[in-house]
Protein chains: 2
Amino acid sequence: MVPFGKPRAERADAARNRERLLGVAREMLTELGAEQVTMDGLAERAGLGKGTVFRRFGTRAGIFRALLDADERAFQEQVLSGPPPLGPGADPVARLIAYGRARITFLHRHFAVSRAALDRGQPVPVGDASLSQLHLRMLLGRAVPDVPDLDVLTLQLSAALEGPLLLYLSMGGSPDPPPEADGALGDGWQVLVERLVRDRPGHAATRTGTGD
Amino acid sequence: MVPFGKPRAERADAARNRERLLGVAREMLTELGAEQVTMDGLAERAGLGKGTVFRRFGTRAGIFRALLDADERAFQEQVLSGPPPLGPGADPVARLIAYGRARITFLHRHFAVSRAALDRGQPVPVGDASLSQLHLRMLLGRAVPDVPDLDVLTLQLSAALEGPLLLYLSMGGSPDPPPEADGALGDGWQVLVERLVRDRPGHAATRTGTGD
DNA sequence: AATAGAAGCGGGGTGAAGTCCGGTTATGCT
DNA sequence: AGCATAACCGGACTTCACCCCGCTTCTATT
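Described below are features of the structure shown in this document.

Rules used throughout
Per chain, the residues get numbers from 1 upward, laid out in the order the sequence is written. Chain labels run from A onward and ligand labels from 1 onward, assigned in the order the entries are written. Residues qualify for local features only when their pLDDT is at least 70, as the model is predicted, and side-chain atom pairs are given and counted only at 80 or more; totals for whole chains, interfaces and linings, by contrast, use all residues. For side-chain calculations, the full set of non-hydrogen atoms in the structure is used, while hydrogens and water are omitted. Helical segments are the DSSP runs of H or I of at least four residues, strand segments are the runs of E of at least two, and each set is numbered from the N terminus. Relative accessible area decides the class of each residue, using a 1.4 Å probe on protein chains only: under 20% of the type maximum gives buried, over 50% gives exposed, and in between gives partly exposed. Every residue pair with non-hydrogen atoms within 4.5 Å of one another is taken to be in contact. Surface accessibility follows the Shrake-Rupley procedure with a 1.4 Å probe radius. Residue values consider only the protein chains on display as shielding. Nearness is judged by heavy atoms alone; a residue qualifies as near a molecule or strand once a single heavy atom is within 4 Å of it. Between N or O atoms, a polar contact is any pair within 3.5 Å; within protein, one atom must be a potential hydrogen donor and the other a potential acceptor, and residues adjacent in sequence are included only when both atoms are from side chains. In this count, Pro and Cys sit with the nonpolar residues alongside Ala, Val, Leu, Ile, Met, Phe, Trp and Tyr, while Asp, Glu, Lys and Arg are called charged and the others, Gly among them, polar. Classification of ring pairs uses Phe, Tyr and Trp, with its six-membered ring standing for Trp, and accepts pairs whose centres are within 6.5 Å; under 30 degrees between planes counts as stacked, over 60 as edge-to-face, and the remaining range as tilted. In this analysis, the expected span of each helix is defined as 1.5 Å times one less than the number of residues it contains. A pair is scored as a salt bridge if a Lys or Arg side-chain nitrogen falls within 4 Å of a carboxyl oxygen belonging to Asp or Glu. One fitted axis covers the seven residues ending at a residue, a second covers the seven starting there, and the bend at that residue is the angle between these axes. A fitted line through C-alpha atoms represents every axis, and for helices the fit uses only the stretch in contact; the resulting angles, taken between N-to-C directions, go from 0 to 180 degrees. Roughly parallel covers angles under 35 degrees, roughly antiparallel covers those over 145, roughly perpendicular covers 65 to 115, and oblique covers all other angles. The sense of a crossing depends on the near helix, which, turned anticlockwise from the far helix by less than a right angle, makes the crossing left-handed and, turned clockwise, makes it right-handed.

Observations regarding the overall build of chain A
Step number 1: Broken down by element type, chain A carries 9 helices and 0 strands.
Step number 2: Going residue by residue from the N terminus, the α and β elements of chain A occur as α-α-α-α-α-α-α-α-α.
Step number 3: The 212 residues of chain A split such that 47% are buried.
Step number 4: For chain A, long-range pairs separated by at least 24 residues make up 66% of all intrachain contacts whose partners lie at least 6 apart in sequence.
Step number 5: Here chain A has roughly 10,600 Å² of accessible surface; of this, 55% comes from carbon and sulfur atoms.

Right, dumping it as structure tokens:
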């Protein structure tokens, strides 16, 4: 009976409603596009009240963030325990490059939702900034060991990797960036990383398999 | 009497109103904070109709973009014809570093407005993406001559430079990023740039003064 | 200077995000 | 099982960005 034992697990009906809302949201998303998904519409179509929607997700962007989270989890799974170029087992530089390319593809594939999850006044939208950024930080720490401020570098490379998709590439009203851009962005990422780690005599990293 | 000689310069009253709106907006901004500046409030306080405000600026974000533009112009002035570390006359790498530091300071100084100029669904807010990015592209072209895709690199470094201020650094509800971050971000930028251009035997750039 | 016509102006209207609070229902304890 | 409580639910309410269209004012022409 401690005051903070646990916050009393989610009630059954609440959970059911959350599932339902997520499902309907995904439906409306593919059917009408992100722009047309409104809170009122979602609530009505789910047969629930608007208050419920807001309590569950806090804000409109929150819905899209929740939608992303599911796929994000799957993505992290690949990264954390998938096959080597991306998963553990390759040297950090190779993983870094593979990670960037995979992330670009992921962002591109979820472009509409990612952008909808962007909300003025709120932090970074994708990946909760923790999972993706944590992983990037870890890889950078191994691939570029003698950097003075690892946190700042992580921030900057995060932005370099995700920013173009999230912000810059969406100019001009084209609703979706063309798929060709993926390749160019991925190549650019590889060049960037290779230049960053270039001429390290023997970065202690050809060793692999030291559990992640 | 050609149909498209010129779009018939802005009418005098319209110009007067624009000035007035900009002034009042700046007032409200320092007085109430960006969050509290509403279109209705602005119109009323300026003694004008709401429709007028929207015709002049198109959107709420447009006001803040217009506000930024003035200072942005002054900033570009420094960059294009100021004293050497930042202006022309130093080698590209030095200018690149100076530019990044100056840009970080600029963004930080205009943090509230920059964020308010951010609007979901629109391109990158600050600097119209053209001026700042064009300059960056030029410097990069000289400092890192053998890069395969200069446009992509520009995009990525733009994001690395501006992203942390605009997106990542604003997490956690702290309304303003602490000033100490400027130094760290600036140092980070310098490290990034130096690593990118590192070990160029003699990048044809110690020569200076070839007009910009 | 008078006039025609375009550009600018105003403020009410609409739709959607987010808030509030009274009623309802699940959960923990006895 | 019965009850107290806290979480949940619903939908009306508020606020704000943005639209619309008839009216006014400026500017180019004669």
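After that view, the rundown keeps rolling.
Observations regarding the protein's contact with DNA strand D
Step number 1: As a structural note, the neighbourhood of DNA strand D is formed by 25 residues, with A:Asn17, A:Gly49, A:Arg55, B:Lys50 and B:Arg60 the closest of them.
Step number 2: The contact in question runs from a base nitrogen of DNA strand D to an N or O atom on the backbone of A:Lys50, over 3.5 Å.
Step number 3: B:Ala12 is positioned with one of its backbone polar atoms (N or O) 3.3 Å from a phosphate oxygen of DNA strand D.
Step number 4: The set of elements that each furnish at least two residues to the surface near DNA strand D consists of α1 (12–32) and α3 (50–57) of chain A together with α1 (12–32) and α3 (50–57) of chain B.
Step number 5: The leading source of residues in the surface near DNA strand D is α3(A), at 5 residues.
Step number 6: Its residues assigned to classes, the surface near DNA strand D comprises 7 nonpolar, 7 polar and 11 charged.

Observations regarding the packing of aromatic side chains
Step number 1: Scanning the entire structure with this criterion turns up 4 aromatic pairs over all chains.
Step number 2: Measuring from centroid to centroid gives 6.0 Å for B:Phe75 and B:Tyr99, while their planes differ by 45 degrees, and the two rings are tilted. Residue B:Phe75 is found in helix α4 (residues 60–81), and its partner B:Tyr99 is found in helix α5 (residues 92–109); the two are separated by 24 residues along the sequence.
Step number 3: We classify B:Phe75 as buried; its relative accessible area is 8%.
Step number 4: An aromatic cluster of three or more residues is present, and its members are A:Phe75, A:Tyr99 and A:Phe106.

With respect to α1(A)
Residue and element names in this part refer to chain A.
Step number 1: With 21 residues, α1 ought to run about 30 Å at 1.5 Å a step, and its terminal C-alpha atoms sit 30 Å apart, in line with that.
Step number 2: By the burial criterion, the buried members of α1 are Ala14, Leu21, Leu22, Val24, Ala25, Met28 and Leu29.
Step number 3: Packing partners of the buried residues in α1 comprise α2 (39–46), α3, α4 (60–81) and α6 (111–117).
Step number 4: Where α1 ends, the next residue or the one after it, Gly33, has phi of about 90 degrees, a positive value.

Details of the protein's contact with DNA strand C
Step number 1: Among the 24 residues in the neighbourhood of DNA strand C, the closest are listed as A:Lys50, A:Arg60, B:Asn17, B:Lys50 and B:Arg55.
Step number 2: Protein-adjacent atoms of DNA strand C, using a 4 Å cutoff, are sugar or phosphate at a proportion of 63%.
Step number 3: Here a phosphate oxygen of DNA strand C sits 2.9 Å away from a polar atom, N or O, in the side chain of A:Thr59.
Step number 4: Within the backbone of A:Arg60, a nitrogen or oxygen atom sits 2.9 Å from a phosphate oxygen of DNA strand C.

Points about the pattern of salt bridges
Step number 1: Under the definition given, this model contains 19 salt bridges over all chains.
Step number 2: Between A:Arg137 and A:Asp151 there is a salt bridge; the shortest N-O distance is 2.2 Å. Taken together, the positions of A:Arg137 in helix α7 (residues 131–143) and A:Asp151 in helix α8 (residues 150–166) put the pair 14 residues apart, joining distant regions of the chain.
Step number 3: The salt bridge involving B:Asp187 is made with B:Arg101; its shortest N-O contact spans 2.8 Å. Of this pair, B:Asp187 sits in helix α9 (residues 180–197) while B:Arg101 sits in helix α5, and the two are 86 residues apart along the sequence.
Step number 4: Overall, the relative accessible area of 42% leaves B:Asp187 in the partly exposed class.

A closer look at α8(A)
Residues and elements named next belong to chain A.
Step number 1: The end-to-end C-alpha separation of α8 is 23 Å, in line with the 24 Å expected for 17 residues at 1.5 Å each.
Step number 2: At Ala160, α8 shows its largest bend, some 35 degrees, and a proline, Pro164, comes one to four positions later.
Step number 3: At the N-terminal end of α8, a side-chain oxygen is found 3.2 Å from the backbone nitrogen of Asp151, two or three residues along, and the residue is Asp149.

Describing the packing of α5(B) against helix α7 (residues 131–143) of chain B
Residues and elements named next belong to chain B.
Step number 1: At a minimum axis distance of 8 Å, the contact between α5 and α7 shows a crossing angle of 150 degrees. Comparing their axes, α7 and α5 come out roughly antiparallel. Crossing of α5 against α7: the hand is left-handed. Contacts between α5 and α7 involve Pro92, Val93, Arg95, Leu96, Tyr99 and Arg103 from the first element and Ser132, His135, Leu136, Met138, Leu139, Leu140, Arg142 and Ala143 from the second.
Step number 2: The class makeup of the residues in the contact of α5 with α7 is 9 nonpolar, 2 polar and 3 charged.

Description of the environment of B:Ala43
All names here are of chain B.
Step number 1: Among the structural elements, Ala43 can be located in helix α2 (residues 39–46).
Step number 2: In the structure, Ala43 is positioned 22 residues away from Leu21 in sequence and 7.7 Å away in space, judged by C-alpha atoms.
Step number 3: Sequence-distant contacts of Ala43, defined by excluding residues within four places in its chain, comprise Leu48, Gly49, Lys50 and Val53.

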